[in-house]
Amino acid sequence: MFFLKILVINAGSSSLKYQLFDMDTGAVLAKGNCERIGDTTGVITHKRPDAEPYTATPALPTHDEALALVLDLLVSPEYGVIGSIEEIDAVGHRVAHGGEKYKQSTPIDDEVIAYLESIVPINPLHGPPAILGMKACRRLMSDTPQVGVFDTSFYANMEDFRTIYPLPYELYTENKIRRYGFHGTSHRYVSAKAAEMLGKPIEELKIVTCHLGNGSSITAVDKGIAIDTSMGFTPQEGVPMGTRSGTIDPTVIPYIMKVKNLTVDEVENLLNRQSGLLGVSGLSNDARNISEAAEAGNPRAILAIRMLANSIKKYIGSYIAEMNGIDALVFTAGIGENDRNMRQMVCADMDYLGIAIDEEVNLTCPRGSAANLSAAGASVQTLVIPTDEEYMIALDTAKFC
Ligand code: ADP
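Description of the structure in this document. (Residues numbered from 1 in each chain as written. Predicted model: local features only at pLDDT ≥ 70, side-chain atom pairs only at ≥ 80, totals over all residues. Heavy atoms only, no water.)

## Focus: the sheet that holds strand E14 (residues 381–384)
- Across the sheet, six strands lie side by side as E11-E10-E9-E12-E14-E13; this open sheet has mixed pairing. The open sheet has two free edges, formed respectively by strand E11 (225–229) and strand E13 (371–372), since each of these has just one partner strand.
- Of the strand pairs in this sheet, strand E9 (residues 206–212) and strand E10 (residues 216–222) are connected by seven bridges, and their pairing is antiparallel. When the sheet's bridge partners are listed, histidine 211 is paired in E10 with serine 217. (Pairing = 2+ DSSP bridges. Helix = DSSP H or I, 4+ residues; strand = E, 2+ residues; numbered from the N terminus.)

Below, the structure is given as structure tokens:
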């Protein structure tokens, strides 16, 4: 079935990340990132296993030039890994938002692009660059199948009483304001891996997955179906994040606007870029810096960490209630995979719910690999599983070859 080569593209507003997979072995043949697209000088970093990274600063006026450069590098005699572009069997695109329409990964055609363009008003940050990436690939690789893999698809089966906001119903029917959920590709990947690690079919498991990175979300996966998740209409809802507030009392927003005399854009910037760990600590959005400051006794760093751990704990508890139980708790992404102290704080005093971790294992498990942290006798398996959204996208894409 395999022997396929799949290119995974993740297009941002000024960046284009890529990974070329050999699906026979799952190996990454090459990966890299084009940054500062649209600036006077762009930057490309191109990496292959066992080779020095290649970097250059070419002009990258649009995503087309960035993709053309990536394709040139992939086939170049000096830095390439394939003989010709025809060796790429398909391209998988990371798409944050598939709206209400795309409930699973889907081959990209004019209709998909037209629909994604129609939902740009509810996805203004991530929609336009993803569409640019797809259009560039369709122009430069017109014979290669393109597949959209949507972060929202994993939540397609969330029931309406979990997706509706308690607002006038017309805001849903007319403006599509509802909860969609994000990071679905990561939650899907780690929940499947958890079932694999536990040697049980996912259909028999109740799992809570905690994707804790710069952006963070928690998902309840019941028998393989995501039944609830912390992110909603946008990735702003849920636990506090690096610079995003997560859930707050909505009335705080108009109040801040009044007392600080802020415009809509300014308050949006405050909630998205100046809040969360950065806002509370006043130091950094990076959990590592905050941990260091907390260890040195900085009271606001300690406050930020306790606030985050408590919020994660509350979501876990509420999802256990929603699923009427839990078999596995999974930590993933930058903080989940690496921050031992955060895992310890989240799992502390949860023995009533069957969650208890072995402190020694938590402290000594090697970074970057999967581990079972559960203490002897704990009824819940607490796992660390490195996420791999790109590989999940490649696996989905390969199904269309
Ligand atoms: P993104 O959401 O951008 O993909 P990541 O999943 O890479 O983010 O997570 C970034 C976060 O992970 C940062 O807050 C970073 O401080 C944190 N992180 C990475 N490594 C460590 C570590 N060793 N200890 C604590 N936090 C870490």
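That shown, we press on.
## Digging into the site of the ligand
- For the ligand, the set of nearby residues contains 13 residues, the closest of which are Asn214, Asp286, Ala287, Arg288 and Gly334.
- Residue glycine 215 places a main-chain N or O atom 3.4 Å away from an oxygen atom belonging to the ligand.
- Between the ligand and the protein, one listed contact pairs an oxygen atom with a backbone N or O atom of glycine 334 at 2.9 Å.
- Computed on the free molecule, the ligand has an accessible area of 580 Å², of which 70% lies beneath the protein chains in the complex.
- For the shell around the ligand, the secondary-structure elements that each account for two or more residues are helix H10 (287–295) and helix H12 (333–338).
- If one sorts the elements of the shell around the ligand by residue count, H12 sits on top with four residues.
- By residue class, the composition of the shell around the ligand is three nonpolar, six polar and four charged. (Near = heavy atom within 4 Å. Polar contact = N/O pair within 3.5 Å; in protein donor to acceptor, adjacent residues only side chain to side chain. Areas by Shrake-Rupley, 256 points an atom, 1.4 Å probe, with all protein chains shown as cover. Nonpolar A, V, L, I, M, F, W, Y, C, P; charged D, E, K, R; others polar.)

## Observations regarding the environment of isoleucine 218
- Looking at the element boundaries, isoleucine 218 is found in strand E10.
- A relative accessible area of 0% places isoleucine 218 in the buried class.
- Through-space distance from the C-alpha of isoleucine 218 to that of histidine 187 is 8.3 Å; in sequence the pair is 31 residues apart.
- Setting aside chain neighbours within four positions, we find isoleucine 218 in contact with His187, Val208, Thr209, Cys210, Leu212, Asp228, Thr229, Ser230, Val239, Ile312, Tyr315 and Tyr319. (Buried < 20%, exposed > 50% of the residue type's maximum accessible area, 1.4 Å probe, protein only. Contact = heavy atoms within 4.5 Å.)

## Description of the packing of aromatic side chains
- Per the counting criterion, the structure on display carries eight aromatic pairs.
- For the pair tyrosine 102 and phenylalanine 150, a centre-to-centre distance of 5.2 Å together with 10 degrees between the ring planes defines the contact as stacked. With tyrosine 102 in the loop between strand E6 (90–95) and strand E7 (106–107) and phenylalanine 150 in strand E8 (residues 146–150), this pair connects stretches of sequence that are 48 residues apart.
- Residue tyrosine 102 is classed as buried on the basis of its relative accessible area, which comes to 9%.
- When its relative accessible area of 2% is taken as the criterion, phenylalanine 150 is described as buried.
- Lying across the ring of tyrosine 172, lysine 176 places its NZ or CZ 5.7 Å from the centre.
- Here arginine 178 stacks its cationic end above the ring of tyrosine 180, 4.5 Å away from the centre of that ring. (Phe/Tyr/Trp six-rings, centres within 6.5 Å; stacked < 30°, edge-to-face > 60°. Lys NZ or Arg CZ within 6 Å of the ring centre and 35° of its normal.)

## Details of helix H3 (residues 127–140)
- Taking 1.5 Å per residue, 14 residues should reach 20 Å; H3 reaches 20 Å between its end C-alpha atoms and fits that length.
- Where H3 is buried, its residues meet strand E1 (5–11), helix H1 (63–75), E6, helix H2 (110–118) and E8. (Expected span 1.5 Å × (residues − 1).)

By themselves, these figures tell us nothing about what the structure is for.
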